[in-house]
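Analysis of the macromolecular model
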Amino acid sequence: MTEQIDKALAREYEAGFVSDVESETFTPGLDEDVIRRISEMKGEPEWMLEWRLSAFRDWLKMDEPDWALVDYPKIDFQAISYYSAPKSMKDKPKSLDEVDPELLRTYEKLGIPLIEQQMLAGVAVDAVFDSVSVVTTFREKLEEAGVIFCPISEAIHKHPDLVKKYLGSVVPKKDNYYAALNCAVFTDGSFVYIPKGTRCPMELSTYFRINEQNTGQFERTLIIADEGSHVSYLEGCTAPQRDENQLHAAVVELVALDDAEIKYSTVQNWYPGDEEGKGGIYNFVTKRGVCHTNAKISWTQVETGSAVTWKYPSCVLKGDNSIGEFYSVALTRGRQQADTGTKMIHLGKNTKSTIISKGISAGKSNNSYRGLVRMNPGAEGARNFTQCDSLLIGDQCGAHTFPYVESRNPSAIVEHEATTSKVSDEQMFLCQQRGLDPEKAVSMIVNGFCKEVFKELPMEFAVEAGKLLEISLEGSVG
Amino acid sequence: MSNLLTIKDLHASVEEKNIIKGLNLEVKPGEVHAIMGPNGAGKSTMGYVLSGRDGYSVESGSVTLDGADLLDMETEERARAGLFLAFQYPVEIPGVSNLEFLKAAVDAQREARGEEAVTSAEFLKEAKAACKQVNLPVSFLKRGVNEGFSGGEKKRNELMQMLLLKPKLCILDETDSGLDIDALQVVAEGVNSQRSAERSFIVVTHYQRLLDYIKPDFVHVLSDGKIVKSGDASLAHELEAQGYAWLQTEPAEDELEG
Ligand SMILES: Nc1ncnc2c1ncn2[C@@H]1O[C@H](COP(=O)(O)OP(=O)(O)OP(=O)(O)O)[C@@H](O)[C@H]1O
Ligand SMILES: [Mg+2]
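Rules of the game
- Residues numbered from 1 in each chain as written.
- Chains lettered and ligands numbered in written order.
- Predicted model: local features only at pLDDT ≥ 70, side-chain atom pairs only at ≥ 80, totals over all residues.
- Heavy atoms only, no water.
- Helix = DSSP H or I, 4+ residues; strand = E, 2+ residues; numbered from the N terminus.
- Buried < 20%, exposed > 50% of the residue type's maximum accessible area, 1.4 Å probe, protein only.
- Areas by Shrake-Rupley, 256 points an atom, 1.4 Å probe, with all protein chains shown as cover.
- Lys, Arg positive; Asp, Glu negative; His and termini not counted.
- Charge placed at Lys NZ, Arg CZ, Asp CG, Glu CD.
- Near = heavy atom within 4 Å.
- Polar contact = N/O pair within 3.5 Å; in protein donor to acceptor, adjacent residues only side chain to side chain.
- Nonpolar A, V, L, I, M, F, W, Y, C, P; charged D, E, K, R; others polar.
- Pairing = 2+ DSSP bridges.
- Axes fitted to C-alpha atoms, helices over the stretch in contact; angles between N-to-C directions.
- Donors = N, O, S within 2.8 Å, 3.2 Å for Na, K, Ca; no water.
- Contact = heavy atoms within 4.5 Å.
- Patch = residues over 30% accessible without salt bridge, like charges linked within 9 Å, V, L, I, M, F, W, Y side chains within 5 Å.
- Salt bridge = Lys/Arg side-chain N within 4 Å of Asp/Glu carboxyl O.
- Parallel < 35°, antiparallel > 145°, perpendicular 65-115°, else oblique.
- Left-handed = near helix turned anticlockwise from the far one by under 90°.
- Core = buried A, V, L, I, M, F, W, Y, C linked by side-chain atoms within 4.5 Å.
- Buried area = accessible area lost by both parts, 1.4 Å probe.
- pLDDT = per-residue confidence, 0-100.
- Phe/Tyr/Trp six-rings, centres within 6.5 Å; stacked < 30°, edge-to-face > 60°.
- Lys NZ or Arg CZ within 6 Å of the ring centre and 35° of its normal.
- Disulfide = S-S within 2.5 Å.

1. Focus: the overall build of chain B
Check the secondary structure of chain B and you find nine helices and 12 strands. Each of the three principal axes of chain B carries a C-alpha extent, and together these read 60 × 40 × 40 Å. Counting over 258 residues, chain B shows a buried share of 53%. A total accessible area of about 11,700 Å² is found for chain B, and carbon and sulfur atoms account for 48% of it. If the 27 positive side-chain charges of chain B are averaged to one point and the 42 negative ones to another, these points end up 7 Å apart.

What follows is the structure in C-alpha cells.
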C-alpha cells in the first residue's frame, strides 16, 4: 500500500506555471542602500525609512534560529533580490481596465478571477504579485461601510496614524530573525481597518503570488479590528515551480480591540519542491494577534505547500475574557518539512484558548507540531484545551509533537490530548470494496480526519481546502 | 441458467500460509447459499479473496462473476461489477459521514457502469428509507462511518450499505453475530426483501437461527479451506445438533510436521 500511496503523491503542482510579465527587479543583494531604494520606489515618508533601517541594523546582529525540526542548506541572503514589480505597475493603474491583462490571466489561471462580476460574491480580493499589490477589488463597497482594505504601501501614505500606531506593535521589530528581516525589506501586503461596531460586509482576502526567479517575498499584513467590530480574512498563496528555493518571510499582525473578533484563515499552497526535494518555497512566517478585553482571534490554516515551513500563528490574550483559537491542517509529502504550531499567551483573567492541530504526513516528509501555552501570573481562571492528531500515510514519514506548557497561575487549567493514527489497510479495503478507487479513498479518509478544522473555514474556502487536499494527495495510492 | 458465481479449485494464501485449499462453489442468480464451519476454517478469508483484498494471494484456480474473470479485477472493479461484502468486523472511518461515504460509493459505482448520477436530494431520500428499513435512526447518516457504533449497529449499517448499493452478489460474513433478537429479524427481513431472481447471497453464519428466517437454498460446510459437505436447509439443523467433528477431514501428515 505504501507504494500505491507514494505513486499517488507524486503529482504535478498545478500552480507551477511562470507568467510572462515584464518586471523591474533589483539585482540580488542586501545592504542599507537596497533598503533606501525600496523605500524610494515606494515613495515612503522618512519615518518609514528610519523604521526599516533600525530593523535592518538589529537583524545584522541576530542569528538564524536552528531549533525547529527542519533541515535546509544555509540561505545566502545576498543571493536574493529584494524587490520585483511588474513594469506595467510603474504608473499605478487606477482601475481594473488598466491592469496588465497578463496579470489578470495569471490570477484567473489560479482560479481567482479579479473581474468583480466573475468573483465569488461577497469576497473582496487584494492580489499581491511578487513585491506589489496589483489590484484590490470591491473597494468602493467596503468604503461605504467605513472599512479600509488596501495595499499596506498605500496605507503608509493615506493612513499614517494608524500604521504608525500599530505597525510593529504586535510583532516587535526585533521579535525574531525573519521578522526583523521582514521589517527591513517588506514591500507590500494588505492593510485592513474595521471601524468601531462594524461588521465587515464581505470576506476579505489576499492572494500572494511569487513569480520572479531568485526573488524573496516579504509581505506585511496589518489588520485592526476596532472595538466591537468583526472581520473574516483569508489568505491564499502559490508560486511557480522552480528548481531554486525561494524565500518567503512574512509578518502578519492582528489587533482585536475590546469586543472585536478577527477570523484569519490561510490556505497555503506554495510550491513544495519536487519528489527529491529540489526547489520549493522556504516559508518562514511570523503571525501574531493581540486580543483586548472580550476580544477573539481565530487562526485557521490549511498548509499543503512549501519545502520548509516554520510558522506559529499566535495569540496574546491580553484583555480579560479574551479568546484565542488555532485550527490547523498541515499536510506534508515528498520531502516536505513542516514545523508549525501556535503560541497562546494568557495574560488576562478568564482567558480561553483552543488548539486543534491535524498533521498529515506522507512520502518521506516530516511534520512537527510545536505549541506553547503560557499562563501568566495574572491569568486567573484561564483555560486551554489542546488536541494534536497526527495521521501517517505509509511508513517512511515522520510526525512529532512538541507541546510546551508554562503555567504560573495555579487556577489556570491546561488540557492536552494527542493521538497518532495511520490510514489503515482495513479502511482502504472498506472503501475499495464499496467501489471507491484508492485515491478517492485516501482523500476521503484524510478529509474526515481534518473535519474539525475545515468546519472553521468560511464556507467557500472549506470546499476549496477539501479540493486542495484531494489534489495534493492525488497519486498517493495507485 | 448460467452461474452468477463460479469458484473452481481455488487455492489462496495469506502471509504465505495456505488457507483456501481447493474451494469449489457455484451460485446461480437468485440463490441463497449458507456457509457454516468451525472457527478458523477460512470463511472470512474466502470473502476477502473474492473481493481482492491486498495481501491475499491466489495460488491457483479460477473465479468468474457473471462470466467475467473476477481474479483479474482490482478490488474496486469487483465492487462495481456487483460484488458486496458485509464485514464480520466493520472498521471505523472517523470524520467521514455515512451519507458522504455512501454517496461517494454509489456515485463511483454508477459512473463506472455508465449510469446517470443520482442527485443529492434523491440519494438522501433513499438513504433515509434504508435507515428505516434496518431500524437505525436517520441521525446515523450524519455520524462518522461506524464511529462509536455498537456492535449491532455496525452490522445493521453494513446491511444499509447493501440496500443502497444494490449488488448482484452479497457476501454476508456473520452479519447475525452480536445481534439481539429483534435486530436478527431486521437483518433477516433486510435480506429477504432484497431477494430477487437476479440477486444472490452467500450467508456466512454460525447459527441455525438466522437460517430459520432466511431459508437458504443450500447449506455448505467449509472446513480447513474447502467445502466438505453440502446439503439443503436441513443440514443446518443437523449441524446444530451434532457440531462439526463428524465432518472434519483428517489433517495431512506434512501439516502436522509443519
Ligand atoms: N493475516 C493473517 N496471517 C496469518 N494467518 C491468518 C491471517 N488472516 C487469517 N489467518 C488465518 O487463517 C485462518 C482462517 O481465518 P478466517 O478468518 O478466514 O476464519 P473464519 O472461518 O472466518 O473463522 P471465524 O468463524 O472465527 O470467523 C485462521 O487460522 C487465521 O488465523
Ligand atoms: Mg470469520
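2. Regarding the site of ligand 1
Residues and elements named next belong to chain B. Near ligand 1 you find 16 residues, and of these Gly40, Lys43, Ser44, Thr45 and His206 are the closest. With respect to ligand 1, the side chain of threonine 45 contributes an N or O atom lying 2.5 Å from an oxygen atom. Note that an oxygen atom of ligand 1 is positioned 2.9 Å from one of the side-chain N or O atoms of histidine 206. Alone, ligand 1 offers 640 Å² of accessible surface; in the complex the protein occludes 67% of this. Of all the secondary structure elements, the ones that give two or more residues to the shell around ligand 1 are strand E2 (17-27) and helix H1 (43-51). Looking at which element gives the most residues to the shell around ligand 1, the answer is H1, with three residues. A breakdown of the residues in the shell around ligand 1 according to their chemical character gives five nonpolar, seven polar and four charged.

3. Looking at the sheet that holds strand E9 (residues 169-173) of chain B
Residue and element names in this part refer to chain B. Taken in spatial order, the six strands line up as E6-E9-E10-E3-E11-E12 in an open sheet, and their pairing is mixed. At either margin of the open sheet sits one strand with a lone partner, and together these are strand E6 (83-86) and strand E12 (226-231). Averaged over all adjacent pairs, the angle separating strand axes in this sheet is 20 degrees, with direction ignored.

4. Focus on the coordination of the magnesium ion (ligand 2)
Residues and elements named next belong to chain B. Binding of the magnesium ion (ligand 2) to the protein goes through Ser44 (OG) and Gln88 (OE1), at separations of 2.0 to 2.2 Å. With a gap of 44 residues between them, serine 44 in helix H1 and glutamine 88 in the loop between E6 and strand E7 (93-97) connect regions that are remote in the sequence. Look at glutamine 88 and you get buried, because its relative accessible area is 13%.

5. A closer look at the environment of histidine 220 of chain B
All names here are of chain B. Assignment of secondary structure puts histidine 220 in strand E11 (residues 218-223). Judged by its relative accessible area of 6%, histidine 220 is buried. Along the sequence, histidine 220 and glycine 148 sit 72 residues apart, while their C-alpha atoms lie 34 Å from each other. When residues no more than four places from it in sequence are discounted, the contact partners of histidine 220 are Leu25, His33, Ala34, Ile35, Met36, Ile227, Lys229 and Ser230. Polar side-chain contacts of histidine 220 include one of 2.7 Å to the side chain of serine 230.

6. Observations concerning a negative patch on the surface
Judged by side-chain charge, Asp425 of chain A together with Asp54, Asp69, Asp72, Glu74 and Glu77 of chain B come together as a negatively charged surface patch. Along the chain, glutamate 74 of chain B falls in the loop between strand E5 (68-69) and helix H2 (75-80).

7. Quick look at the packing of helix H9 (residues 425-433) of chain A against helix H10 (residues 438-449) of chain A
Residue and element names in this part refer to chain A. Running from N to C, H9 and H10 cross one another at 125 degrees; their axes reach a closest spacing of 9 Å. One way to sum up the angle between H9 and H10 is to call them oblique. Considering how the two elements wind past one another, H9 and H10 form a crossing that is right-handed. Contacts from Gln427, Met428, Cys431 and Gln432 of H9 reach H10 at Pro438, Ala441, Val442 and Ile445.

8. Describing the sheet that holds strand E1 (residues 5-14) of chain B
Residue and element names in this part refer to chain B. An order of E2-E1-E4-E5 is seen for the four strands of this open sheet, with the pairing classed as antiparallel. The strands lining the two open edges of the sheet, one partner per strand, are E2 and E5. Of the strands in this sheet, E1, E2 and strand E4 (56-65) touch H1, which is tilted by about 70 degrees from E4.

9. Here's the deal with the pattern of salt bridges
Two side chains with opposite charge may pair up if their charged atoms get near one another. Applying the stated criterion across every chain, the model contains 28 salt bridges over all chains. The shortest N-O distance in the salt bridge between glutamate 235 of chain A and lysine 287 of chain A comes to 2.9 Å. Separated by 52 residues along the polypeptide, glutamate 235 of chain A in strand E9 (residues 230-238) and lysine 287 of chain A in strand E13 (residues 280-291) bring together distant segments of the chain. The exposure class of lysine 287 of chain A is buried, given its relative accessible area of 2%. Among the ionic pairs, arginine 434 of chain A bridges to glutamate 158 of chain B, the shortest N-O distance being 2.7 Å. Of this pair, arginine 434 of chain A sits in the loop between H9 and H10 while glutamate 158 of chain B sits in helix H5 (residues 151-165), on two different chains. On the accessibility criterion, glutamate 158 of chain B (0% relative accessible area) is buried.

10. Some thoughts on the nonpolar core
Proteins that are soluble and globular tend to have nonpolar side chains buried together. Residues Ile360 of chain A together with Phe101 and Ile202 of chain B are the most contacted members of the largest nonpolar core, which totals 93 residues. When residues no more than four places from it in sequence are discounted, the contact partners of isoleucine 202 of chain B are Leu5, Leu25, Val27, His33, Ile35, Met46, Leu169, Cys170, Ile171 and Leu172 of chain B. Counting 35 residues, the second-largest nonpolar core is a separate cluster that includes Ile223, Ala256, Ile355 and Val373 of chain A.

11. Re the packing of helix H3 (residues 98-112) of chain B against H5 of chain B
Packed helix pairs are specified by the crossing angle of their axes together with the interaxial distance, meaning the distance between the axes. Residues and elements named next belong to chain B. The interhelical angle for the contact between H3 and H5, taken along N-to-C directions, is 35 degrees, at an axis separation of 10 Å. Seen from above, H3 lies across H5 with right-handed handedness. Together, Asn98, Phe101, Leu102, Ala105, Val106 and Gln109 of H3 and Asn157, Met160, Gln161, Leu164 and Leu165 of H5 make up the contact between the two elements. The class makeup of the residues in the contact of H3 with H5 is seven nonpolar, four polar and no charged.

12. A few points about the interface of chain B and chain A
Opposite the 30 residues of chain B that make contact, chain A presents 20 residues. The junction of chain B with chain A conceals about 2,100 Å² of combined surface from both sides, 64% of it contributed by carbon and sulfur atoms. The interface formed by chain B and chain A includes three salt bridges. A salt bridge links lysine 451 of chain A to glutamate 100 of chain B; the shortest N-O distance between them is 3.2 Å. There are 11 residue pairs in polar contact (both at pLDDT 80 or more) connecting chain B and chain A. Contributions of two or more residues to the side of chain B that touches chain A are made by H1, H2, E6, E7, H3 and H5 of chain B.

13. Comments concerning the confidence of the model for chain A
Averaged over all residues, the pLDDT of chain A is 81; the fraction at 70 or higher stands at 76%. Counting contacts from residues 117-121 of chain A, a segment whose pLDDT is below 50, to residues more than four positions away or on other chains yields 10 contacts.

14. Some words on the packing of aromatic side chains
One pass over the full model with this rule turns up 17 aromatic pairs over all chains. Judged by centre distance (4.4 Å) and plane angle (10 degrees), the ring pair of tyrosine 178 of chain A and phenylalanine 284 of chain A falls under stacked. Of the two residues, tyrosine 178 of chain A is situated in helix H8 (residues 177-185) and phenylalanine 284 of chain A in strand E13; the sequence distance between them amounts to 106 residues. Between tryptophan 310 of chain A and tyrosine 312 of chain A the ring centres are 5.4 Å apart and the planes differ by 80 degrees, which places this aromatic pair in the edge-to-face class. When sorted by exposure, tryptophan 310 of chain A lands in the same class as tyrosine 312 of chain A, which is buried. Clustering of aromatic rings is evident, with ring pairs tying together Phe56, Trp59, Phe77, Tyr177, Tyr178, Tyr282, Phe284, Trp310 and Tyr312 of chain A. Its end group placed over the ring of phenylalanine 186 of chain A, arginine 220 of chain A keeps NZ or CZ at 5.8 Å from the ring centre. The lysine or arginine in question, arginine 143 of chain B, covers the ring of phenylalanine 140 of chain B, its NZ or CZ lying 4.5 Å from the ring centre.

15. Considering the state of the cysteines
Residue and element names in this part refer to chain A. Taken as a whole and assessed by the stated rule, the structure comprises zero disulfides over all chains. Not engaged in a disulfide, the cysteine cysteine 183 finds its nearest cysteine sulfur in cysteine 150; these two sulfurs lie 19 Å apart. Cysteine 183 gets classed as buried once you look at its relative accessible area, which sits at 0%. Here cysteine 450 is not cross-linked by a disulfide; its sulfur's nearest cysteine counterpart is in cysteine 388, at 14 Å.

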